[in-house]
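# A look at the structure
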Amino acid sequence: MVMFLRLVGRTTQSLRVATVLRELGRDGERIVRRTYPDQLTDSVAQAEHPDADGVAGAVRTIVHRFDSGVLQSIGIAEIVDHACAVDMTVELVPRIGDVVATGSDIFRVRGGGGPADDARLQRAIAVGDERTIRQDPEFVFRLLADVSIKALSLAVNDPTTAVQALDQIELLLRDLGGRRLDTGVVRDAHGIVRIRRKVPSWEDFVTLALVETRQYGVASTQVTRRLRAILISLRDLVAEPRRRVLEAELAAIDTSIIHRFESEYDQRLAKVADTQGLG
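Remember, predicted model here, so these are calculated numbers, not experimental data.

## So, the overall build of the protein chain
- What the protein chain contains, in helices and strands, is ten helices and eight strands.
- Considering the protein chain as a whole, with its 279 residues, one finds that 46% of them fall into the buried category.
- For the protein chain, the exposed surface amounts to about 14,500 Å²; the carbon and sulfur share of it is 52%.

## Let's talk about the pairing of strand β2 (residues 69-74)
- The buried count for β2 comes to six of six residues, which makes it a mostly enclosed element.
- As paired strands, β2 and strand β4 (residues 99-100) are joined by two bridges and run antiparallel to one another. Its bridge partner being in β4, valine 70 is matched across the sheet by valine 99.

## Topic: the packing of helix α2 (residues 17-35) against helix α5 (residues 137-151)
- Where α2 meets α5, the closest approach of the two axes is 9 Å, and the angle between their N-to-C directions is 160 degrees. With respect to their mutual orientation, α2 and α5 come out roughly antiparallel. Taken as a pair, α2 and α5 cross one another with a handedness that is left-handed. Between α2 and α5, the contacting residues are Leu21, Leu24, Gly28, Ile31, Val32 and Thr35 on the first element and Pro137, Val140, Leu143, Leu144 and Val147 on the second.
- Here the contact of α2 with α5 is built from residues that sort into nine nonpolar, two polar and no charged.

## A word on the nonpolar core
- Core analysis: the largest hydrophobic core is formed by 37 residues, its most contacted members being Phe141, Ile169, Leu173, Leu176, Trp202, Leu210 and Leu246.
- At the level of elements, α2, α5, α6 (159-177), α7 (202-217), α8 (221-237) and α9 (244-260) are the ones that each hand at least two residues to this core.
- Top contributing element to this core by residue count: α6, with seven residues.
- Leu71, Ile79, Leu121 and Ile125 belong to the second largest nonpolar core, which has 19 residues in total.

## Quick word on the pattern of salt bridges
- This structure, assessed with the given rule, holds 20 salt bridges.
- Residue glutamate 138 pairs with arginine 95 through a salt bridge whose shortest N-O separation is 2.6 Å. Here glutamate 138 is found in helix α5, whereas its partner arginine 95 is found in the loop between β3 (88-92) and β4, with 43 residues between them in sequence.
- Assessed through its relative accessible area of 13%, glutamate 138 is described here as buried.
- Residue class for arginine 95 comes out partly exposed when judged on its relative accessible area of 24%.

## Some thoughts on the sheet that holds β3
- The five strands lie next to each other as β1-β5-β3-β8-β7, forming an open sheet whose pairing is mixed. Looking at which strands have only one partner, the edges of the open sheet turn out to be β1 (59-63) and β7 (185-187). With strand direction ignored, the average angle separating the axes of adjacent strands in the sheet is 20 degrees.
- Here β7 runs beside strand β8 (residues 193-196); their pairing, made up of three bridges, is antiparallel. Looking at the pairing, valine 186 lines up with isoleucine 195 of β8.

## Section: α6
- The terminal C-alpha atoms of α6 lie 26 Å apart, and with 19 residues this matches the ideal 27 Å at 1.5 Å per residue to within 8%.
- Across the 19 residues of α6, 14 count as buried, placing the element largely inside the fold.

## Here we look at the sheet that holds strand β6 (residues 125-128)
- Taken together, the three strands give an open sheet; going across it, the order is β4-β2-β6, and neighbouring strands pair in antiparallel fashion. Bordering the open sheet on either side are β4 and β6, each of which pairs with just one other strand.
- Where β2 and β6 come together, four bridges link them in antiparallel fashion. Counted as the bridge partner of serine 73 is alanine 126 from β6.

Analysis parameters
- Residues numbered from 1 in each chain as written.
- Predicted model: local features only at pLDDT ≥ 70, side-chain atom pairs only at ≥ 80, totals over all residues.
- Heavy atoms only, no water.
- Helix = DSSP H or I, 4+ residues; strand = E, 2+ residues; numbered from the N terminus.
- Buried < 20%, exposed > 50% of the residue type's maximum accessible area, 1.4 Å probe, protein only.
- Areas by Shrake-Rupley, 256 points an atom, 1.4 Å probe, with all protein chains shown as cover.
- Pairing = 2+ DSSP bridges.
- Axes fitted to C-alpha atoms, helices over the stretch in contact; angles between N-to-C directions.
- Parallel < 35°, antiparallel > 145°, perpendicular 65-115°, else oblique.
- Left-handed = near helix turned anticlockwise from the far one by under 90°.
- Contact = heavy atoms within 4.5 Å.
- Nonpolar A, V, L, I, M, F, W, Y, C, P; charged D, E, K, R; others polar.
- Core = buried A, V, L, I, M, F, W, Y, C linked by side-chain atoms within 4.5 Å.
- Salt bridge = Lys/Arg side-chain N within 4 Å of Asp/Glu carboxyl O.
- Expected span 1.5 Å × (residues − 1).

This is the structure we're talking about:
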């Protein structure tokens, strides 16, 4: 009986929104740190997509020959090793998380050549039925943002849950804001580019994480106050080039508040930065 009661208690605890959000946040921390291991050490953020030189030669296209699905991951080390062996540069056409149709372009290649190369590259990607967070930090933010905006629907009207989701979003953005995000170009030991791929920028992450909550939560003083606190905290933390999107979001919140609240008193309340939203 004691074991059964403990099982019921643990199950109930694990189904609480706060527990689910925290577990998702922890998963997000792991994937962010694995995907972006290098910290920003300069006072100015580096270019997110730097120019780079790879192998010269004509470009040939490799199409996806297996079942359609979502691109879940790519074997970066495997591709780099193979690209070095046959002297080629590989461009991944879709982004991680994109839908890949049978017969669509999956790689653009310079150098190398032959069916063996094409088959090995095909084996280096994983395509499945749905997105996963394995190599997709954006998907973590997508899941957290979904919780937030669903809580703000008229049918639910639960801004406190939205604020709980924003708590986890802030923790992830604070971690991400101090990391190098220019992982779209991978070089070998000799500095030759072996992989090019599309990766999200800092602005992409901020937009994904916060914009929809701002749009759906503008009627909630609790949400606008929490959003402002996040943006001000991040603005004081990140390098100057990364502050522009944060300033734009702060300005958008002010505009939305003016249009939503007629009373100056309500506008003043909604414009306060509050780490708890509204108590």
